[in-house]
Amino acid sequence: MATVRFIGVGEPKPKRNIRISPKLAAYLQAAPLTVILGVFLALPLLMILVVSFWDYDFAQMYPDFLTMNYVETLGSWVTWKTYLNTLKFAVLVWAITLFIGFWVAYFLAFHIRTTAMQMVLFLVCTVPFLTSNIIRMISWIPVLGRNGLINSGLVNSGLVSEPVEWLLYSDFAVVLAMVHLYTLFMVTPIFNTLMRIDKSLVEAARDAGATSWQVLTNVIIPLAKPGMAIGTIFVVTLVMADFSTVQVMSGGQSASVALMMKNQMSLLQYPAAAANAVVLLILVLSMVAGILRIVDIRKEL
């Protein structure tokens, strides 16, 4: 015989558990990040792409669908020369920061015994980066100038008879300032990767008779490749997008794609600047994709 249960006035009703499918739960968890990336990343990029096909004159822009901006960008030898100059800066800065960053990270990870001292020295490396990029960049001017510290020391010591002109307002000054600005972006990921290496692997290699150079080339460097790849992505993208360093440290004698876009925007040539931005974005993404095909960085993320 069935039993009927009556719920009194003061008795709470039984709770019903709402079940959500795992697939729907995954979509709900990804929704906030999707909205943020869509609004602040995908939408601006789409707007830049649309504007790159518009027409313009000296006063305003006109909605249209023209390939004129891309034809002028890709068909000009001046533009190609500017892109090659930007790639030259990227390659030089990448090579120097990779060399310096690896050895700084290697020293911190394998030659400093205590973790506390490693953190202290790493924080010391980051102290200069707490100031503005502009301040750290222009601080090189009184050092490299015609009457700066280096030229004064060279002239007073008799090594040169007159100040060296190419120290400032040259490609050398641009590369030096960029190396100073972006080396930390190479040190940090490499140091993080080296700290994850099991020290027993190094000890096993030494017990097997490997020399220090063999340990470095056969154990440490292969395991440090993900950190190198992440640092490379950081440095290359920052150099390709830098215009202030090129403008100030070259004295207007050198050019980069970002500086060219900045000049176009100052002349209200927004569609032309947008076309250059799209081409630069494709170039940078191609470089990043090539790095990711060579090195798997997923285990570092």
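This one's a predicted model, so the numbers in the text were calculated from it and none came from an experiment.

(A) Inspection of the pattern of salt bridges at higher detail. For the structure on display, the rule yields 2 salt bridges. For Asp171, the salt bridge goes to Lys88, with nearest N and O atoms at 2.7 Å. With Asp171 in helix H8 (residues 171–182) and Lys88 in helix H3 (residues 77–110), this residue pair connects regions lying 83 residues apart in the sequence. Of the charged contacts, one joins Arg146 and Glu165 as a salt bridge, the two residues approaching to 1.9 Å between their closest N and O atoms. Of this pair, Arg146 sits in the loop between helix H6 (141–144) and helix H7 (149–157) while Glu165 sits in the loop between H7 and H8; the two residues are 19 residues apart in sequence, bridging distant segments of the chain. Residue classification places Glu165 among the exposed positions, given a relative accessible area of 51%.

(B) Molecular detail of the UniProt feature "transmembrane region" (unreviewed entry) in the protein. Cross-referencing UniProt, the feature "transmembrane region" (unreviewed entry) maps to residues 24–54, 89–108, 120–141, 166–191 and 270–295 in the present numbering. Taken end to end, residues 120–141 is 64% helix and 0% strand, and its two terminal C-alpha atoms sit 30 Å from one another. Within residues 166–191, the helical portion is 77% and the strand portion 0%, while the C-alpha atoms at the span's ends are 34 Å from each other.

(C) Seen up close, unusual backbone geometry. Positioned with a positive phi, Tyr169 is a non-glycine residue whose angle comes to about 60 degrees. Even without being a glycine, Leu268 presents a positive backbone phi close to 65 degrees.

(D) Summary view of the side chain of Ser250. Relative to the helices and strands, Ser250 is located in the loop between helix H12 (244–249) and helix H13 (257–266). Once you skip the residues sitting within four places of it in the chain, Ser250 turns out to touch Tyr169, Ser170, Val174 and Thr245.

Conventions adopted
- Residues numbered from 1 in each chain as written.
- Predicted model: local features only at pLDDT ≥ 70, side-chain atom pairs only at ≥ 80, totals over all residues.
- Heavy atoms only, no water.
- Salt bridge = Lys/Arg side-chain N within 4 Å of Asp/Glu carboxyl O.
- Helix = DSSP H or I, 4+ residues; strand = E, 2+ residues; numbered from the N terminus.
- Buried < 20%, exposed > 50% of the residue type's maximum accessible area, 1.4 Å probe, protein only.
- UniProt positions renumbered as here; feature names shortened; annotations may be inferred.
- Contact = heavy atoms within 4.5 Å.

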